[in-house]
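Here is how the chains run, residue by residue.
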Amino acid sequence: MSRKITGHTELIGLVATPIRHSKSPAMHNAAFEALGLDYVYLVFEVGKDELEDTVKGLKAMKVRGWNVSMPNKAAIVQYLDKITPAAQMCGAVNTVINDNGILTGTITDGTGFMHSLKEKNIDIINKKITVVGVGGAATAICIQAALDGVKEISIFNRKDDFFVRGEENVKKINNNTSCHASLYDLDDHEALKREIDESVLFVNATNVGMGNLQGQMVLPDINYLNKDIIVYDVIYSPEETELLKQAKAMGCQTLNGIGMMLYQGAEAFKLWTGEDMPIDVVKKELGMS
């Protein structure tokens, strides 16, 4: 950043782990500078064990707000004063706003995801999609897609400790929207192939493909896809996961998570500052076409 930090500079941040790969600082700091706003955005390596103390500290320091990512999106809810209806439905928060000591949690992942599709002229309304994952990002994606008018969502996850969350997500969608959601075991390969074949969009909303899992895929092999399906991986670092690489090679249209990251960030930016994020400036900073 070319501008100087002053005694009036306000802090906004991101609490997650691992998080040093994040493009959020580049995005928000470029936007602050373009608009002449005296804010700075930093990332903090924080896991669930340090989360309560971190929230208390940020509140005590009168930090204007912060983002939340894995593994803290659901855990942080208990430490906030209020959460929005969208966050309540998702059971997760990715953005916190501090209004004079009142901490409000909301979630912008789902709207960011839908906006990123719209920008690419991809229409999933009244259609069927398949999503792998039941975590914070996956939940936000599925619930927002259902609220926006997606006809059917097939959700897959391993039968681990988080599978029950998938069951809860299905109930919320089926009870509160016109969308029909179903949950399947990711190891049910017959169901996985069938549901993907009936879908217009396949989404990896897990961390498989990044970090220690880089080079891996959530699919047993790429032949579970077909060349007509659109493949979306919420991961943006690396820019092209193994899933996207192989899907592109077989002729699929592919998207990584940079667009979702951009637009969820833009919504958070507006909540913190009251200003619209200068999207063109941020896209240039992120090297987006």
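This one's a predicted model, so the numbers in the text were calculated from it and none came from an experiment.

*Asks:* When you look at the environment of Y79 in this model, what are you seeing that I'm missing?
*Replies:* Note that Y79 resides in the loop between strand 3 (65-68) and strand 4 (82-83). Excluding anything up to four places from it in sequence, Y79 contacts L51, E52, V55 and L103.

*Asks:* What is the right way to look at the sheet that holds strand 6 (residues 102-106) in this model?
*Replies:* Adjacent strands of a sheet form backbone hydrogen bonds with each other and so pair up, either parallel or antiparallel. The strand order 2-1-3-5-6-4 describes an open sheet built from six strands, whose pairing is mixed. The sheet is open, and its two borders are formed by strand 2 (39-45) and strand 4, each paired with just one other strand. Both strand 5 (residues 95-99) and strand 6 contribute to a ladder of five bridges, which runs antiparallel. Note on strand 6: the bridge partner recorded for D99 is I102. Its contacts with the sheet put helix 1 (residues 24-35) on strand 1 (10-16), strand 2 and strand 3, and the angle it makes with strand 2 is roughly 170°. Helix-sheet contacts for helix 9 (residues 258-273) involve strand 1, strand 2, strand 3, strand 5 and strand 6, and the interaxial angle to strand 5 is about 5°.

*Asks:* Would you take a moment to explain the packing of helix 9 against helix 10 (residues 279-286) for this structure?
*Replies:* In contact at an axis separation of 12 Å, helix 9 and helix 10 are set at 140° when each is read in the N-to-C sense. By the angle between their directions, the pair helix 9 and helix 10 is classed as oblique. Considering only the axes of helix 9 and helix 10, their crossing is right-handed. Facing helix 9, whose interface residues are I258, M261, L262, Y263 and A266, helix 10 presents I279, V282, K283 and L286. When its residues are assigned to classes, the contact of helix 9 with helix 10 shows eight nonpolar, no polar and one charged.

About the criteria used
- Residues numbered from 1 in each chain as written.
- Predicted model: local features only at pLDDT ≥ 70, side-chain atom pairs only at ≥ 80, totals over all residues.
- Heavy atoms only, no water.
- Helix = DSSP H or I, 4+ residues; strand = E, 2+ residues; numbered from the N terminus.
- Contact = heavy atoms within 4.5 Å.
- Pairing = 2+ DSSP bridges.
- Axes fitted to C-alpha atoms, helices over the stretch in contact; angles between N-to-C directions.
- Parallel < 35°, antiparallel > 145°, perpendicular 65-115°, else oblique.
- Left-handed = near helix turned anticlockwise from the far one by under 90°.
- Nonpolar A, V, L, I, M, F, W, Y, C, P; charged D, E, K, R; others polar.

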